[in-house]
Amino acid sequence: MKTYLRSSGFIISQTFRASPRRTVITIALSLVMSAIPAMQVLAIAALVNSLKGAHAMGDVIVPLLWVVLIVGFTGPVRVACATIRLMAMTRAAAAMQTRLAHRVARMRPSELVKPATTTAIEKHNRAISEQVSYQFESLVAGVLEQTLAVVGVIIALFAFSKLAGLLVLLALVPTMVSAKILGGVQTRMWESLGTLFGRERYLRDLLVREKTATELSGLGTGERVADMVRSTWTDVVAARDKLSKAVLGMDWAIGAITTVLLVGAMGAVVVDMHYGPAAVAGVYGVMAAMASVGGAAGSIGVSVQNSPQCEGLRVFFADSGKQKRGEQVIVPTAERLAGANMQHRYPGAAVDTLRDVSVEARRGEIIALVGVNGAGKTTTVNALLGLTELSGGTVSIDGQTQAELSEDVWLGYFGLLTQEFGRYEMTIREVVCLGTPRTGITDEEVWAALESARAADLVRKFPLGLDTQLGEQWGGLGVSGGQWQRLALARIYLRDPAIWVLDEPTSAIDAEAEQDIFRELARTRHNRITIVVSHRAWTLKGMDRIYVIDGGRVVQRGRYEELMAEPGRFSEIFAEQLDGGVSRRPPVDQALGVAATSR
Ligand SMILES: Nc1ncnc2c1ncn2[C@@H]1O[C@H](COP(=O)(O)OP(=O)(O)OP(=O)(O)O)[C@@H](O)[C@H]1O
């Protein structure tokens, strides 16, 4: 009951915040509407009484006009009320979706990577559009209006027969019981639906996102993914059917009980009115009361069933109250990043993915993590960033661990370019500025970042320059994979934090630009710590230290020349590249070793 009241208050307050005037009007009109059934009963009773011994229209005109007035106005007022209510609910749904987006935006990466988080977000998203927005209607037009209508009609009915009033009142009980039972079924159903909706959205995204959609259509397998969507919906329907079947069963039981009570109430009225014609008004009163009881009971049932979702959303939003708006912090310098004896095992994995991995980097250094696919490089990077929880070991920046700093500040030390860099379809300026909280960034700064990432020439060709919209689906320009990657790197240049973590920063970039980019990274490295994950041998020359990771361990460390000189995993991994092609590259020492000027 407490949960129900709390979640109902939440819905009404959300709707009021989104549309105060319409909320007040809707509630006021519902209060007016709640008096209608009782007024109808009284007006009919008055009409029946005035008919006794009436001989001319003048004898019945007043009660007749009352009946006409009440019945005539009920329809238009109800329609107006529904329209205003819908406008309020649309605004409330928009406000809740916006709030949900902000709540998600405030989540820390460590929270976002949990599978339960995605499920919860999708569950709340669907609940807002399917149920939570309609809860206001159930509460106001249903519970409030219909319950008051029941009370009004029962009071009116008491004038005809007390027993009939009591029997009508009793009709509320089975519905309340069924609503409680169905609320439990509904909660369980939504728990399983969260995961299903998450998967369904993922599959639908595959069919519409440019990269995957093109690939699937090229392979001619889009239909197969569509079949997976269908199978997810089959599961959704099966989960929902459980509730529908329970509702149907309850409805039959309630219908039977209500009919028995209706017969009893009608009989009581006829007997208590001594079989006189005025019993007609009483019988109408019973019918009106039963209709209101049905309406109230239905609304109470729906609102009780929806209340767990509303309460879940309320709690989800309330959590963000404790969380400040995500501070975008940038810490510009750090002397030393150290991961010591890091250990990690993914849930469900048979062995540790990181086994005593120790990595160190100082200001001005560029270090590299190398290894074959699945060796543990990205996991190491995530551990350094604090995104992967360690079962052993520590990560510290200038002697301070993540636990000693806030997550905002910790992440503020880093600029991460991931393997799956974001392709944000915004204007070039927005894409590049996304990584920095600074306002008033000048065009020169944006151009300088683009220049360093070797993206300036490309942007110069765009008619609107920095204001060019990217993304063909928005009527903007499409750019290639390598061009997206350069823009992502420009974002890191503009952010310019203390520690740059570049996971294969040039994987999509052509060889010529790659050399330029590494040359620029070397030239500007002096004020920061740079960590690069790379699969290309030539990019490793000139690195201050290379960590060779294999099977979750650091198996070798040293400079390029040292590692090439000793037998081991490094020379094994890169032998083929060196024999096969790196000799064709320009002198790498020139590319990385020169490192002339600081930033
Ligand atoms: N979320 C996860 N859950 C379970 N296992 C994972 C997860 N992510 C990675 N792994 C496993 O951990 C191991 C190391 O993965 P990691 O991504 O760190 O490798 P990597 O060296 O970066 O590989 P690549 O060069 O392909 O990017 C792999 O065997 C991988 O299958």
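Per an unreviewed UniProt entry, the protein is named ABC transporter ATP-binding protein, and its organism is Arthrobacter silviterrae. UniProt lists a comment for the protein under the heading Subcellular location (unreviewed entry), and it reads "Cell membrane".

*Asks:* Would you take a moment to explain the sheet that holds strand S8 (residues 529-533) for this structure?
*Replies:* The pairing of strands in a sheet happens through backbone hydrogen bonds and is either parallel or antiparallel. The strand order S6-S7-S8-S3-S9-S10 describes an open sheet built from 6 strands, whose pairing is mixed. In this open sheet, the two strands that pair with only one neighbour each are strand S6 (414-417) and strand S10 (553-558). Pairs of neighbouring strands in the sheet enclose a mean axial angle of 15°, with direction left out of account. Running at roughly 175° to S6, helix H17 (residues 481-495) makes contact with S6 and strand S7 (499-503) of the sheet.

*Asks:* Quick question: what am I supposed to make of the packing of aromatic side chains here?
*Replies:* Two descriptors summarise a pair of aromatic rings, namely the distance from one centre to the other and the angle between the planes of the rings. The tally for this structure, following the rule as stated, stands at 6 aromatic pairs. Ring geometry for Tyr-560 against Phe-570: centres 5.9 Å apart, planes inclined by 85°, an arrangement best described as edge-to-face. Highlighted residues: Tyr-560 in helix H19 (residues 560-565) and Phe-570 in helix H20 (residues 569-580), separated in sequence by 10 residues. Site record: aromatic cluster; members linked through ring pairs are Tyr-560, Phe-570 and Phe-574. Above the plane of the ring of Phe-316 lies Arg-103, whose end atom (NZ or CZ) is 4.5 Å from the centre. Above the face of the Trp-500 ring, Arg-528 is positioned so that its terminal group lies 3.7 Å from the ring centre.

*Asks:* Just to check I follow, could you spell out the domain arrangement of the protein for this structure?
*Replies:* Partitioning the protein into structural domains gives domain 1 (2-322) and domain 2 (327-413 + 530-599). Between the C-alpha centres of domain 1 and domain 2 there is a distance of 58 Å.

*Asks:* In this structure, what is going on with the site of the ligand? I would like to understand it.
*Replies:* Residues in contact with the ligand, as listed here, are Tyr-346, Thr-353, Val-372, Asn-373, Gly-374, Ala-375, Gly-376, Lys-377, Thr-378, Thr-379, Gln-419 and His-535. Tyr-346 places a polar side-chain atom, nitrogen or oxygen, 3.5 Å from a nitrogen atom of the ligand. The contact in question runs from an oxygen atom of the ligand to an N or O atom on the side chain of Asn-373, over 3.0 Å. When isolated, the ligand has an accessible area of 630 Å², and the protein chains bury 58% of it.

*Asks:* Which parts of the structure should I look at to understand helix H18 (residues 511-523)?
*Replies:* Here H18 spans 18 Å end to end across 13 residues, near enough to the 18 Å set by a 1.5 Å rise per residue. The N-cap of H18, judged by a side-chain oxygen 2.9 Å from the amide nitrogen of Ala-513 a few residues on, is Asp-510.

*Asks:* Whenever I open this one, the sheet that holds strand S5 (residues 400-401) confuses me. Can you help?
*Replies:* One open sheet accounts for 4 strands, arranged S2-S1-S4-S5; its pairing is antiparallel. Of all strands in the sheet, those bounded by a partner on one side alone are strand S2 (354-362) and S5. As judged from the 5 bridges shared by strand S1 (residues 336-344) and strand S4 (residues 392-397), these two strands associate in the antiparallel manner. Paired with Ala-340 across the bridge in S4 is Thr-394.

Rules of the game
Residues numbered from 1 in each chain as written. Predicted model: local features only at pLDDT ≥ 70, side-chain atom pairs only at ≥ 80, totals over all residues. Heavy atoms only, no water. UniProt positions renumbered as here; feature names shortened; annotations may be inferred. Pairing = 2+ DSSP bridges. Helix = DSSP H or I, 4+ residues; strand = E, 2+ residues; numbered from the N terminus. Axes fitted to C-alpha atoms, helices over the stretch in contact; angles between N-to-C directions. Contact = heavy atoms within 4.5 Å. Phe/Tyr/Trp six-rings, centres within 6.5 Å; stacked < 30°, edge-to-face > 60°. Lys NZ or Arg CZ within 6 Å of the ring centre and 35° of its normal. Domains from an automatic or database assignment. Near = heavy atom within 4 Å. Polar contact = N/O pair within 3.5 Å; in protein donor to acceptor, adjacent residues only side chain to side chain. Areas by Shrake-Rupley, 256 points an atom, 1.4 Å probe, with all protein chains shown as cover. Expected span 1.5 Å × (residues − 1).

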